[in-house]
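# Topology and contacts: notes
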Amino acid sequence: MAEPHDNPGAVRQRRGGNPQEPVRSAVVEELSDTAEDSDSPQAPKRRPSTKERLTDEDDYSPWVDVLRVISFLVVASLALSYLISGGESFTWGLKHKPRYLQLEWWKVQLQAPPQRGPIYLTPEELSLHDGSDPTKPIYLAINGSIFDVSSNARTYGPGGSYRYFAGVDAARSYVTGCFAEDRTADLRGVEAMFLPLDDPAVDAHFSAAELADIRAAELRDARDKAHEALAHWVRFFENNPKYPKVGYVRRDRDWLDSEPPKKLCDAASKARKPRKIPGDEDK
């Protein structure tokens, strides 16, 4: 029988040896080398020379920053113009510039003494505050009270939809809705717009006493409606922070005696309806 060591194809094993030791040793050596490389101090970075730093500074251009600032100012100006004009213009092309954007207004403010307490204006003085003079605030009056509506010059100034109210106490027009015709504080007869029209066919259903009572009740109701219509707008201005109350209209106590009673305007007259028989009001 052949001995194992005599077999050329047999694997010879060292006595007391471990075939994995060479591989393990190699791995340990490799890790040790890696650790040594990581622990070794890195070479310090080279600081740029003075010439290099000056070259970098020479390459910097401030125009990019200037362009950014200009772009920001343009966008801010467009937004501010749109906000102040209430959406009227992006480029400050305001038809009715706010008072604080008017040079003449500032001149007057710096020269005039500060106003203290409520002001008292006659109708003639009040008429000067209709917005035609840009150096003066725009005032309107209602039932004797004056309000500053300069913050909404687009509406109450010249060309505005409510320009009829500026520079006058137009209390009557707030009730009738006839802005151009009723620019007066004379409320006499305004309740007639809430009175029903006489209808002989309907009136025949009542006795004279009954018809008198009906007319008296209708008159009371009409006066209440006229009063509430005016009070609604008085409350509107008194409670609106945009329109501060600045004073009162100064008139003679008997000013109505010199004024002829005003006729009910056409629009208010046409809105009146004929009287109906009791029980047919909803028909």
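Structure report, in brief. A quick note: this is a predicted structure, and the numbers were derived from the prediction, not measured. (Residues numbered from 1 in each chain as written. Predicted model: local features only at pLDDT ≥ 70, side-chain atom pairs only at ≥ 80, totals over all residues. Heavy atoms only, no water.)

## Re the state of the cysteines
This is how the line gets drawn: When two cysteine sulfur atoms lie within 2.5 Å, the pair is treated as a disulfide. Secondary structure is summarised from DSSP: a helix means a run of H or I of at least four residues, a strand means a run of E of at least two, and numbering begins at the N terminus for each. Relative accessibility decides the category of a residue: with a 1.4 Å probe and only protein chains considered, values under 20% of the type maximum give buried, values over 50% give exposed, and everything between is partly exposed.
A complete count under the given rule lists one disulfide for this structure. With its sulfur 2.0 Å from that of its partner, Cys-178 forms a disulfide with Cys-265. Note on the Cys-178 and Cys-265 pair: the S-S dihedral is about 65 degrees, so by sign convention the disulfide is right-handed. Of this pair, Cys-178 sits in the loop between helix H7 (171–176) and helix H8 (200–203) while Cys-265 sits in the loop between strand S4 (245–249) and helix H10 (266–270), and the two are 87 residues apart along the sequence. Considered together, Cys-178 and Cys-265 belong to a single accessibility category, that of buried residues.

## Looking at the side chain of Thr-155
Stated precisely, the cut-off is as follows: Whether two residues are in contact is decided by their heavy atoms, any of which lying within 4.5 Å being enough.
Counting through the fold element by element, Thr-155 comes out in helix H6 (residues 153–156). With near-sequence residues (within four places) excluded, Thr-155 lies in contact with Gly-160, Ser-161, Tyr-162 and Arg-163.

## Some points on the nonpolar core
What counts is decided by this rule: We call a set of buried Ala, Val, Leu, Ile, Met, Phe, Trp, Tyr and Cys residues a nonpolar core when their side-chain atoms join them within 4.5 Å.
Membership of the largest hydrophobic core comes to 26 residues, with the highest contact counts inside it found for Leu-140, Ile-142, Val-149, Tyr-156, Val-175 and Phe-237. Those elements that provide at least two residues to this core are strand S2 (139–142), H6, H7 and helix H9 (208–238). Residue contributions to this core peak at five residues, all from H9. With residues near it in sequence (within four places) discarded, Val-175 still touches Val-190, Met-193, Phe-194, Ala-226, Ala-229 and Leu-230.

## Side note on the environment of Arg-183
What counts here: Pairs of N or O atoms are called polar contacts if they sit within 3.5 Å, as long as, within protein, a hydrogen donor faces a hydrogen acceptor (for residues adjacent in sequence, only side-chain-to-side-chain pairs).
Mapped onto the secondary structure, Arg-183 falls in the loop between H7 and H8. For the pair Arg-183 and Phe-165, spaced 18 residues apart in sequence, the C-alpha separation works out to 7.2 Å. If we skip the residues at most four places from it in the chain, Arg-183 touches Tyr-164, Ala-166, Val-168, Asp-169 and Ala-170. One polar contact links the side chain of Arg-183 to the main-chain carbonyl oxygen of Tyr-164, over a distance of 2.6 Å. Engagement of the side chain of Arg-183 in a polar contact is seen with the backbone oxygen of Ala-166, the distance being 3.3 Å.

## A closer look at the pattern of salt bridges
What counts here: The working definition used for a salt bridge is a side-chain nitrogen of Lys or Arg within 4 Å of a carboxyl oxygen of Asp or Glu.
In this structure the tally under the stated criterion is 12 salt bridges. The shortest N-O distance in the salt bridge between Asp-198 and Arg-275 comes to 2.9 Å. Of this pair, Asp-198 sits in the loop between H7 and H8 while Arg-275 sits in the segment after H10, and the two are 77 residues apart along the sequence. Among the residues examined, Arg-275 registers a relative accessible area of 6% and is labelled buried. For Arg-275, the salt bridge goes to Asp-203, with nearest N and O atoms at 2.9 Å. Taken together, the residues Arg-275 in the segment after H10 and Asp-203 in helix H8 connect sequence positions 72 residues apart. Asp-203 shares its class with Arg-275; the two are buried.

In short, shape yes, function no, at least from these values alone.
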